[in-house]
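# Inside the fold
One letter stands for each residue in the lines below.
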Amino acid sequence: MTYSIQFDDLSFSYENHAIVKNLNLTINKGQFVSIIGPSGCGKTTLFRLISHLEKPTTGTVKKHDEAIGYMPQKDLLMPWRSVIDNVILPLQCQGIDKKTAKIQATALLEEVGLIDYQHQRPKDLSGGMRQRVSFSRAMLAAGTILLLDEPFSALDALTKMELQDWLKQQLVTLDQTVVFITHDVEEAIYLSDTILVITDKPIQFVIQKKYQMQKKEIDKICNALI
Amino acid sequence: MLKKNTPAIVVGVFLLIVWEMGARILNAMYILPSPTAILQKLWEFRKPLFLVHAPATVEILVIGLLIAIMLGLLVAFAMSANSWIERAFYPLLILSQTIPITALAPIFVLWFGYTIWSKILVTVLITFFPIAVNTFDGLQSTKKDYEELLLTFGASKWQQVIYLQLPSALPTIFTALKIAVPLSIIGAAIGEWLGAQTGLGYFSKRMMTQLDGAGVFAPIVLLSLMAIISVALLSVIEKKYINWRKD
C-alpha cells in the first residue's frame, strides 16, 4: 500500500523543548486515522508539521499530495464573507476565478445540505452549520489529505453525534486520507479505522491499533492518559 | 434613532436656552453673541458663506483628506508588511504628535504663500496620524489562526492582505476616518485663520477684526455642521458595509 503521509526520523523542538523525537510513522492512502493522547502532548504539532506551518528540526515529512484540507478546532470562518465565499476561499488562493470556484462550491454545499444558506453570513448560522461550512472549505482545499483538528470538540453532545454521523456518511463516497485529532475515545473508535495513541513526550513512537479488535486495550491506555 | 438621541437633544436645547438667556443678560454681542443672533448673521451672510467661503474650505478638506488617507494607508500597510519599516517609522509617527502643528502653520504660509497648499499641508499633517496608526493597529490585530489557515491554503502575501488583513482592518479604518474628518476641519480652519483670502476660517478671522461676535460664530456653526454631517455619513456607510459583526 502506498503512503499518504510519512514521517521519516523526524524531530522537532520549540524553544529548546523537544516535542517530537526521531519519529517514524506512515499513514497510508485512504486511511481514516484518529490521533489520541493527553493534552499538550503535541498532537496539533504533528498537523502543523504536515501542513508546513512548522519546519522539522531534523528529518522529513513526505506527502503523496501537497494540497491539504485543514479543518481547525474553531471554525475560523471569515465573518465578512458569506457561506459560499468562505467555502471558495482556498480555490481563490489557488488562483481559480470566482465564477468557476462558485460552481464547485455550489455542488459541495448541495451535498452537505447548506445550499439554502449560501448567501448567509457565519453569524447567522448555528455551531453545527458553521462546522459543516468549515468542513466544506477543507474539502475544497484538499487534494487527497484532510486534517481535522478536534472539529467537534466545541459542540454540544447532540450536534456532535449528528455531525459524526454526517462526516462518516460524507467520507463513504470519498477516497481521502483523513487524519483526525480528538480527545474522545468513543469518537475515535466510531469514526476511524486506525487509532494512533500518543503515549510519550516528546513523541517518539505511536501505538497503532486497529480498533475493532482492541477497543478494550485502547480504552485502558486512554484512561491512564487523559 | 430619535428616541436614542432624545437625552442629547434635551440637554442641547437646554444649553442653547441658557446661552441665549446669558447672552441677553450680558448684552455684549461682540463678546458673547446669542444663538439667535448667530442664526441671523448666517442668514444675512448666506451668499458669501455658502457660495464662496464654504466651497473653498470643502476643497481644502477633500484634497487634504484624500492625500492623508492615501499616505496613511500606504504607511500603515508598509509598516504591517515589513518589521524594519515598522521599527523605522512607528516611533517617528508617535514623536510627530509632540510637534504642535498649529505652531508650524505660519511656516507653511511662508513656504506656500496664500495658496491652497499651505492649508492642505496643515490638514494632511493633522489627519495623517490617526489614519496611519489606527489602520496599522487594525492590520496588526489579524488573528494568527486565520493567517495560518490561509497559509495552509497556499495564500501569497498579497492574498493575505486582500482576503484577510484589509477586511479585518476595515472597522478600525472607519474609526480612523471618523476621528480624521473632524480633525481635518479644524486643520483647514486653522490654516485659513493664519493665511488665506477665502474660506470659513478666513471669514471668521475677518469678522473678528470688525468685532462682529455673531459674524465670528456663523462660519464656526457651518464648520461644526460639516463635521456632524460627514461623521453621520461615514456611520451610514460603515453600517452598510460592515454589517458582518455580531449584533
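Residues numbered from 1 in each chain as written. Chains lettered and ligands numbered in written order. Predicted model: local features only at pLDDT ≥ 70, side-chain atom pairs only at ≥ 80, totals over all residues. Heavy atoms only, no water.

The name given to chain B in an unreviewed UniProt entry is ABC transporter permease, with the source organism recorded as Kurthia sibirica. Taken from UniProt, the Sequence similarities (unreviewed entry) comment for chain B reads in full: "Belongs to the binding-protein-dependent transport system permease family." What UniProt states about chain B under its Subcellular location (unreviewed entry) heading is, verbatim, "Cell membrane". (UniProt positions renumbered as here; feature names shortened; annotations may be inferred.)

## Re the overall build of chain B
Scanning chain B from terminus to terminus reveals ten helices and zero strands. The N-to-C order of helical and strand elements in chain B reads α-α-α-α-α-α-α-α-α-α. Projecting the C-alpha coordinates of chain B onto the three principal axes gives extents of approximately 75 × 50 × 30 Å. Burial statistics for chain B: of 247 residues in total, 43% are counted as buried. Taking as baseline every contact in chain B between residues at least 6 positions apart, the subset at least 24 positions apart corresponds to 72%. Within the structure as shown, chain B displays about 14,000 Å² of accessible surface, and the carbon and sulfur contribution to it stands at 73%. (Helix = DSSP H or I, 4+ residues; strand = E, 2+ residues; numbered from the N terminus. Buried < 20%, exposed > 50% of the residue type's maximum accessible area, 1.4 Å probe, protein only. Contact = heavy atoms within 4.5 Å. Areas by Shrake-Rupley, 256 points an atom, 1.4 Å probe, with all protein chains shown as cover.)

## Considering the packing of helix α8 (residues 157-194) of chain B against helix α9 (residues 200-209) of chain B
All names here are of chain B. Here α8 crosses α9 at 50 degrees, and the two axes come no closer than 7 Å. Taken as axis vectors, α8 and α9 run oblique relative to one another. For the element pair α8 and α9, the recorded crossing hand is right-handed. Residue-level inspection shows Ala189, Glu192 and Trp193 of α8 in contact with α9, the latter providing Leu200, Gly201, Tyr202, Ser204, Lys205 and Met208. Of the residues assigned to the contact of α8 with α9, the class counts are five nonpolar, two polar and two charged. (Axes fitted to C-alpha atoms, helices over the stretch in contact; angles between N-to-C directions. Parallel < 35°, antiparallel > 145°, perpendicular 65-115°, else oblique. Left-handed = near helix turned anticlockwise from the far one by under 90°. Nonpolar A, V, L, I, M, F, W, Y, C, P; charged D, E, K, R; others polar.)

## Here's the deal with the packing of aromatic side chains
Here the structure, examined in full by the defined rule, presents eight aromatic pairs over all chains. Between Phe108(B) and Trp111(B) the ring centres are 5.5 Å apart and the planes differ by 55 degrees, which places this aromatic pair in the tilted class. With Phe108(B) and Trp111(B) both in helix α5 (residues 101-112) and three residues apart, this pair spans about one turn of that helix. Judged by relative accessible area, which is 4%, Phe108(B) ranks as buried. In this structure Trp111(B) comes out as exposed when scored by relative accessible area, which is 60%. Three or more aromatic residues joined by ring pairs make a cluster, and in this case those are Phe32(A), Phe152(A) and Phe180(A). The ring of Tyr190(A) carries Lys168(A) above its face, with NZ or CZ at 4.2 Å from the centroid. Above the ring of Trp43(B), the side-chain terminus of Arg46(B) is found at 4.0 Å from the ring centroid. (Phe/Tyr/Trp six-rings, centres within 6.5 Å; stacked < 30°, edge-to-face > 60°. Lys NZ or Arg CZ within 6 Å of the ring centre and 35° of its normal.)

## As for unusual backbone geometry
Note: most residues except glycine have negative phi, and most peptide bonds are trans. Residue and element names in this part refer to chain A. For asparagine 22, which is not a glycine, the phi torsion comes out positive at approximately 45 degrees. Structurally, the position occupied by asparagine 22 is in strand β2 (residues 17-28). The backbone of leucine 76 sits at a positive phi, close to 50 degrees, despite the residue not being glycine. With respect to the helices and strands, the residue leucine 76 is situated in the loop between β5 (68-71) and α2 (83-87). Leucine 76 sits in the buried class, given a relative accessible area of 7%.

## Notes on the layout of surface pockets
Residue and element names in this part refer to chain B. As a volume, the largest pocket reaches approximately 480 Å³. Of all the secondary structure elements, the ones that give two or more residues to the lining of the largest pocket are α7 (144-152) and α8. Looking at the lining of the largest pocket element by element, the count peaks at three residues for α8. For the lining of the largest pocket, the per-class residue count stands at nine nonpolar, three polar and eight charged. (1 Å grid on protein atoms, 1.4 Å probe; cavity = no way out; pocket = protein on both sides within 12 Å on 5 of 7 lines; lining within 4 Å. Points joined across faces, edges and corners; volume = space filled by probe spheres on them.)

## A word on the sheet that holds strand β1 (residues 3-14) of chain A
Residue and element names in this part refer to chain A. Here we have three strands laid out as an open sheet, ordered β2-β1-β4, and antiparallel in their pairing. This sheet does not close on itself; its edge strands, each paired only once, are β2 and β4 (58-63). Taking each pair of neighbouring strands and ignoring which way they run, the sheet shows an average axis angle of 15 degrees. Looking at chain direction, β1 and β4 are connected through five bridges and run antiparallel. By the bridge assignment for β4, glutamine 6 is matched with lysine 62. Running over the sheet, helix α1 (residues 43-50) touches β1, β2 and β4 and is turned about 115 degrees from β1. (Pairing = 2+ DSSP bridges.)

## Description of the pattern of salt bridges
For the structure on display, the rule yields 13 salt bridges over all chains. In this structure, Arg48(A) and Glu54(A) form a salt bridge, with 3.0 Å as the shortest nitrogen-oxygen distance. Among the ionic pairs, Asp85(A) bridges to Lys102(A), the shortest N-O distance being 3.5 Å. Taken as a pair, Asp85(A) in helix α2 and Lys102(A) in helix α4 (residues 98-111) lie far apart in primary sequence, 17 residues in all. Judged by relative accessible area, which is 16%, Asp85(A) ranks as buried. Residue Lys102(A) is classed as partly exposed on the basis of its relative accessible area, which comes to 28%. Where salt bridges share partners, they join Arg48(A), Glu54(A), Lys144(B) and Glu148(B) into one cluster. (Salt bridge = Lys/Arg side-chain N within 4 Å of Asp/Glu carboxyl O.)

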